[in-house]
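Listed here are the chains, written in short residue letters.
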Amino acid sequence: MSRPRTTPGPAPSAPRNAPDTPRSAPRDTSAATPGAAQDAYPDASSGATREVRGGRARDNAPWTAFGGDLHLDLTERRAAGAGLRAALEDALREAVQDGRLAPGTRLPSSRALGEDLGIARNTVVEAYGQLTAEGWLGSRPGSGTTVAERAAPRPAGRPATVRADRRPTGRHDLLAGRPDLSLFPRSAWLASARRALAVAPHDAFDYGSPLGRIELRQALSDYLARVRGVRTDPDRLLVCAGFGQGLGLLAAALRGRGAGRIAVEGYGLPPQREVLRAAGLGLAPLPLDANGARTDLLDGAGGAGAGGADTDGAGAGAGRLGAVLLTPAHQFPTGAALAADRRAAAVRWARERDGYVIEDDYDGEFRYDRQPLGAMQALDPDRVVYGGTAAKSLAPGLRLAWLALPDELVEPVARLKALADTMSPVTDQLTFAELIASGRYDRHVRRCRLHYRRRRDLLVAALAERAPQVRVTGIAAGLHAVLQLPPGSRPEAELLERARAAGLVLTGLDWYRAGPDAERAPDLPAAPDARPHAAPGTSPDTAPDTAPNDAPDAAPALVVGYATPSDHAFPAALDALCGILRES
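Everything in this summary refers to the structure shown in the same document. (Residues numbered from 1 in each chain as written. Predicted model: local features only at pLDDT ≥ 70, side-chain atom pairs only at ≥ 80, totals over all residues. Heavy atoms only, no water.)

Our next topic: the sheet that holds strand β20 (residues 557-560). Spatial ordering of the open sheet is given by β16-β17-β20-β19, a layout of 4 strands whose pairing is antiparallel. The two strands at the open ends of the sheet, each matched to only one other strand, are β16 (471-473) and β19 (507-508). In this sheet, β20 lies alongside strand β17 (residues 481-484) in antiparallel orientation, the contact comprising 4 bridges. Across the sheet, the residue bridging to V482 is V559, located in β20. (Pairing = 2+ DSSP bridges. Helix = DSSP H or I, 4+ residues; strand = E, 2+ residues; numbered from the N terminus.)

Take a look at the structure:
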């Protein structure tokens, strides 16, 4: 083996056709190896090949330091007879015109683009020069070539058929179903993320079980048993992207088991009913009263009896009733708690008819003036599917929810989850698991519970003082209230129009009705301290849970999400709401 040189010598010349490297490029001394005459190796950061000659490295792909990738297809233009330069100019011009290349976008160097397209560098230089002269591109020494700032109008596209965000907007957001997002525990979440990522095994970031990460399923199993009385284990828990996805998976699994219909509460979330219909299930609404859904009518709902008419469209009267969807701890939106005998009736029906109860425990953590109600799932884990979510306790944008499944549904639902999106994102699962295991989640929920109770008390006190004719119902738990106006008030539609004009975003109770023929809830849980002439500080614990509604069909009702605004926005929203109600 020859000894390496110890004295400097002339640098070997580059091959005749090798591209030049910038003169200012730093010398890569890390690749110099004694005795290395010539070698080539991949550049791990860019995929480019580097040549090593005499201990000096040269890039064969200098585009790694200048500009980014750019997709241009010249095939059709070349097939139409255009020359290379004309085809390239047309492709670049079109990309700028249609907005694909935004003003200020840096283009690849002429050498890089020529390499990518398999054309001579001079052709790219000439095309860049022509488009710069026309004003499409700009060029400054040392800054490369960029898309020029020009007022080229972008062609009007077709109007979108689906809005990116269907949520209405206004100055005062009182829509139900959202938490105060300013309460999101950023510091605790960040600390949990750091800890979770530091200890996570490498295979945590590989494709995994559609059920979800075992760390989160174990943490949820322990937490749900302790806090909600759920009887499950990690092998029967499935993590999903929001309860809506979980409901869709369940509906598809039930449809595969021969179910053609599902019973729903007479009032509930319209998007959930859309999910069920999309899965091919007909809907059978159950009437509501102060004790929750009339589950004693489930036998009739399976045919043409009470609640049997499908008021939401698809599949009227067709197929077996395979399940019932309930919000037993806090009916949404009326606020009623499902009575014990009706819980038992639903479970008994599921056992006798080979059906299932789907329990949506959307805000089970937030109870104020009554003892917490345990999960209905504990009555029969083989017949009740428990669904929970972090949308109210943390934030809906996390898309974290879970299902505690009966044994017979684990495999079909997991298979459908795998087909839908393989698995839920790993990092948020690991972080949430650490948040629960560390106790930070419990502390956060306690803080939120106190915060929302104070917010509720402010709403009740303001209405008792400034709109005493309004009954506030369903507020012993949860994040929203139903405001029932007296008979003879303005119609609900008119109230909502006046609210929109005042910048208020909220909904009327009728928006939640499961079809035009569903019965209006005749007797909803009331807030005793919101009755006329009641002292604002009266405790709901000292009065009955319900009060009669003299004319339910004539009296409008509004659903107000008092948890939604941030602290600084809530007083103004409350003022605007009271102003509308005073004039009702």
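Here we come to the pattern of salt bridges. The full count for this structure, using the stated rule, is 27 salt bridges. The salt bridge partner of R228 is D361, with a shortest N-O separation of 2.7 Å. Taken as a pair, R228 in the loop between α6 (214-227) and β7 (237-240) and D361 in the loop between β13 (356-360) and β14 (384-389) lie far apart in primary sequence, 133 residues in all. Accessibility classification places R228 together with D361 in one group, the buried group. Residue D457 pairs with R456 through a salt bridge whose shortest N-O separation is 2.8 Å. By relative accessible area, which is 1% here, R456 ends up buried. One continuous salt-bridge network, built from bridges that share partners, spans R85, E89 and E126. (Salt bridge = Lys/Arg side-chain N within 4 Å of Asp/Glu carboxyl O. Buried < 20%, exposed > 50% of the residue type's maximum accessible area, 1.4 Å probe, protein only.)

This brings us to the pairing of β20. Neither face of β20 is open: one carries A557 and V559, the other L558 and V560, and all of them are buried. Bridge count between β19 and β20: 2 bridges; the pairing is antiparallel. Its bridge partner being in β20, G508 is matched across the sheet by L558.

Strand-to-strand pairing in sheets goes through backbone hydrogen bonds, with the strands running parallel or antiparallel. Strand order in the open sheet formed by 7 strands is β7-β15-β14-β13-β12-β8-β9, with mixed pairing between adjacent strands. Edge strands, defined here as strands with exactly one partner in the open sheet, are β7 and β9 (282-286). Taken pair by pair, the neighbouring strands of this sheet meet at an average axis angle of 25°, ignoring direction. As paired strands, strand β8 (residues 259-265) and strand β12 (residues 320-326) are joined by 5 bridges and run parallel to one another. For A263, the partnering residue across the bridge sits in β12 and is V324. With respect to the sheet, helix α8 (residues 270-278) is in contact with β8, β9, β12 and β13, its orientation differing from that of β9 by roughly 140°. (Axes fitted to C-alpha atoms, helices over the stretch in contact; angles between N-to-C directions. Contact = heavy atoms within 4.5 Å.)

If you look at the biggest cluster of nonpolar residues, it comprises 34 residues, and the most contacted ones within it are L463, L483, L506, L577 and L581. Contributions of two or more residues to this core are made by α13 (440-466), β17, α14 (492-501), β20 and α15 (570-582). For this core, the leading source of residues is α15, giving 8 residues. With 30 residues, the next largest nonpolar core counts L247, L254, Y356 and I358 among its residues. (Core = buried A, V, L, I, M, F, W, Y, C linked by side-chain atoms within 4.5 Å.)

A cis amide bond, omega 10°, links F332 with the succeeding residue P333. Among the secondary structure elements, P333 is positioned in the loop between β12 and α10 (340-352). At D354, a residue that is not glycine, the phi angle is positive and equals roughly 55°. Here D354 lies in the loop between α10 and β13. In this structure D354 comes out as partly exposed when scored by relative accessible area, which is 37%. Of note in the backbone geometry, T422 takes a positive phi value of approximately 70° without being a glycine. You can see T422 is positioned in the loop between α11 (407-421) and α12 (426-437). T422 gets classed as partly exposed once you look at its relative accessible area, which sits at 34%.

Attention now goes to the side chain of H451. For H451, the location among the structural elements is in helix α13. Judged by its relative accessible area of 15%, H451 is buried. A polar atom in the side chain of H451 sits 3.0 Å from the side chain of R455. With near-sequence residues (within four places) excluded, H451 lies in contact with D180, L183 and D567. (Polar contact = N/O pair within 3.5 Å; in protein donor to acceptor, adjacent residues only side chain to side chain.)

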